[in-house]
Amino acid sequence: MAADRERIAEIKEGERVRVDVRTGRVPKRLRFYWSFIREVRIATGCAPTDKAFHSLIKMETGFTEEVIFRGFKVKIPASVAFEAMDETEFSAFLQEALAFIAREYGIVPEDVEKAA
């Protein structure tokens, strides 16, 4: 991307750099996920915000991290940001999320597409 090329051009000769090579997130898949959960949330009234519903989905599908709070292990929603979850992991998360929504709310993506 242009921003990447510009940043690389700014690196001075001899400067130490670290390079992490990763494939990018598929923007269309991420947009689909957020628009789908928004439609489910609006249709069912299951959460006050898309972000709250997203957190619920992560908890229910096991995409969590354990923290210790006051001596107890507590599970909190894990991040799905690209830095925390690569595209392969996000794809698995998406499939789990769709299965959870179908099981819990009886809504599958085709239902949303037909309604649109």
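Residues numbered from 1 in each chain as written. Predicted model: local features only at pLDDT ≥ 70, side-chain atom pairs only at ≥ 80, totals over all residues. Heavy atoms only, no water.

1. Some details on the pairing of strand β2 (residues 72–77)
So, point 1. Alignment of strand β1 (residues 64–69) against β2, held across six bridges, turns out to be antiparallel. Bridging across to β2, Ile68 finds its partner in Lys73.
So, point 2. Hairpin connection, β1 to β2: the antiparallel pair is bridged by two residues, and Arg70 has positive phi, about 50°. (Pairing = 2+ DSSP bridges. Helix = DSSP H or I, 4+ residues; strand = E, 2+ residues; numbered from the N terminus.)

2. Re the packing of helix α2 (residues 27–44) against helix α3 (residues 50–61)
So, point 1. Two numbers describe how α2 lies on α3: the axes approach to 10 Å, and their chain directions differ by 100°. Between α2 and α3, the angle falls in the class roughly perpendicular. Between α2 and α3, the residues in contact are Tyr33, Trp34, Ile37, Arg38, Val40 and Arg41 and Asp50, Lys51, Phe53, His54 and Ile57, respectively. (Axes fitted to C-alpha atoms, helices over the stretch in contact; angles between N-to-C directions. Parallel < 35°, antiparallel > 145°, perpendicular 65-115°, else oblique. Contact = heavy atoms within 4.5 Å.)

3. Remarks on the confidence of the model for the protein chain
So, point 1. On average, residues of the protein chain score 88 in pLDDT, and 90% of them reach the 70 mark or higher.
So, point 2. Confidence, read as mean pLDDT per element, is least for helix α5 (residues 109–115) in the protein chain (59) and greatest for α3 (97). (pLDDT = per-residue confidence, 0-100.)

4. A word on the pattern of salt bridges
So, point 1. Overall, the coordinates contain four salt bridges when judged by the stated rule.
So, point 2. For Glu10, the salt bridge identified is with Arg7, shortest N-O distance 3.6 Å. On the criterion of helical spacing, the pair formed by Glu10 and Arg7 is a turn pair, its members being three residues apart in helix α1 (residues 2–10).
So, point 3. On the accessibility criterion, Glu10 (52% relative accessible area) is exposed.
So, point 4. With its nearest N and O atoms 2.5 Å apart, the salt bridge here joins Glu87 to Arg29. Taken together, the residues span a long stretch of sequence, with Glu87 in helix α4 (residues 87–105) and Arg29 in helix α2 at a distance of 58 residues.
So, point 5. Judged by relative accessible area, which is 10%, Glu87 ranks as buried.
So, point 6. Three or more residues joined by partner-sharing salt bridges are found here, namely Arg38, Arg41 and Asp50. (Salt bridge = Lys/Arg side-chain N within 4 Å of Asp/Glu carboxyl O. Buried < 20%, exposed > 50% of the residue type's maximum accessible area, 1.4 Å probe, protein only.)

5. Regarding a nonpolar patch on the surface
So, point 1. A surface patch of nonpolar side chains, about 430 Å² in accessible area, is lined by Val67, Phe69, Phe72, Val74 and Ile76.
So, point 2. Of all the secondary structure elements, the ones that give two or more residues to the nonpolar patch are β1 and β2.
So, point 3. Looking at which element gives the most residues to the nonpolar patch, the answer is β2, with three residues.
So, point 4. You can see Val67 is positioned in strand β1. (Patch = residues over 30% accessible without salt bridge, like charges linked within 9 Å, V, L, I, M, F, W, Y side chains within 5 Å. Areas by Shrake-Rupley, 256 points an atom, 1.4 Å probe, with all protein chains shown as cover.)

6. A short note on the packing of α3 against α4
So, point 1. As a packed pair, α3 and α4 sit with axes 10 Å apart at the nearest point and diverge in direction by 95°. Classified by the angle between their axes, α3 and α4 sit roughly perpendicular to one another. Judged by residue contacts, Phe53, His54, Leu56, Ile57, Lys58, Glu60 and Thr61 of α3 engage Phe93, Glu96, Ala97, Phe100, Ile101 and Tyr105 from α4.
So, point 2. Of the residues contributing to the contact of α3 with α4, the split by class is eight nonpolar, two polar and three charged. (Nonpolar A, V, L, I, M, F, W, Y, C, P; charged D, E, K, R; others polar.)

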